[in-house]
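Chain and residue survey
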Amino acid sequence: MDTIATGQKITLGKALFQCTECLFEPKRFGIDSPGCVDGIILVIESMEERHRAPLLNDEQPVDIIVTGSSTMFPGFTDRIRTDLKRHFDCFPRVKINVRDAPERKSMSWIGGSIWSSLDQKNKGCWLSKEEYDEYGPSAIHSKCM
């Protein structure tokens, strides 16, 4: 039983857990997209072998820093860590460090603020609406890579 701002008492039950579970298993909710952990795994698996091999052979730890307001849910970081360790169980030497920064709720805004304060000459990766409309999302690759 929880009390909302008006003083009314409500029972959330399974809805309390389902709202965050779609971040980890979106297919259960009809969303055709990888969950957080699956997305991390896809990134690691898509790395070139020369970059991926050291991660899977204990040469260096896999450091993952979670950011954004959705990571503020209690247990979010622990769930990422547990699911990743379960996935990489067959690589016993893999070290996975999942961390969250105290300011993670605002990191997107902080990054955007820093980026927007740069001199115009340092904004080579800016994409205008016209460029986006003409070339689509892939236009960023020609400007920044």
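Since this is a predicted model, take the numbers as computed values, not measurements.

Examining the pattern of salt bridges
- Across all of its chains, the model carries ten salt bridges by this definition.
- One salt bridge connects glutamate 21 with arginine 79, and the closest N-O pair in it is separated by 2.9 Å. Note that glutamate 21 is positioned in helix H1 (residues 15–24) and arginine 79 in helix H4 (residues 76–87), a separation of 58 residues in sequence.
- Here arginine 79 falls in the partly exposed class, since its relative accessible area comes to 25%.
- A salt bridge links glutamate 49 to arginine 52, with the shortest nitrogen-to-oxygen separation between them at 2.5 Å. Here glutamate 49 pairs with arginine 52, and both are found in helix H3 (residues 49–56), just three residues apart, close to one helical turn.
- Since its relative accessible area comes to 19%, arginine 52 is described here as buried.
- Sharing partners across several salt bridges, the network here consists of Glu21, Glu25, Arg28, Arg79, Asp83 and Arg86.

Digging into a nonpolar patch on the surface
- On the surface, a nonpolar cluster with roughly 250 Å² of combined accessible area is contributed by Met107, Ile110 and Ile114.
- Mapped onto the fold, isoleucine 110 is located in helix H5 (residues 107–116).

Details of the environment of isoleucine 140
- Following the sequence through the fold, isoleucine 140 ends up in helix H7 (residues 139–144).
- When the C-alpha atoms of isoleucine 140 and asparagine 57 are compared, they prove to be 34 Å apart, with 83 residues separating the residues in sequence.

Remarks on the nonpolar core
- The biggest cluster of nonpolar side chains holds 17 residues, and the ones touching the most others in it are Val62, Ile64, Ile80, Leu84, Phe88, Ile96 and Val98.
- If you list the elements that add at least two residues to this core, you get helix H2 (36–46), H3, strand S3 (62–66), H4 and strand S4 (96–100).
- What valine 62 contacts, discounting residues up to four positions off in sequence, is Ile44, Leu55, Val94, Lys95, Ile96 and Asn97.

What counts, and where the lines are drawn
- Residues numbered from 1 in each chain as written.
- Predicted model: local features only at pLDDT ≥ 70, side-chain atom pairs only at ≥ 80, totals over all residues.
- Heavy atoms only, no water.
- Salt bridge = Lys/Arg side-chain N within 4 Å of Asp/Glu carboxyl O.
- Helix = DSSP H or I, 4+ residues; strand = E, 2+ residues; numbered from the N terminus.
- Buried < 20%, exposed > 50% of the residue type's maximum accessible area, 1.4 Å probe, protein only.
- Patch = residues over 30% accessible without salt bridge, like charges linked within 9 Å, V, L, I, M, F, W, Y side chains within 5 Å.
- Areas by Shrake-Rupley, 256 points an atom, 1.4 Å probe, with all protein chains shown as cover.
- Core = buried A, V, L, I, M, F, W, Y, C linked by side-chain atoms within 4.5 Å.
- Contact = heavy atoms within 4.5 Å.

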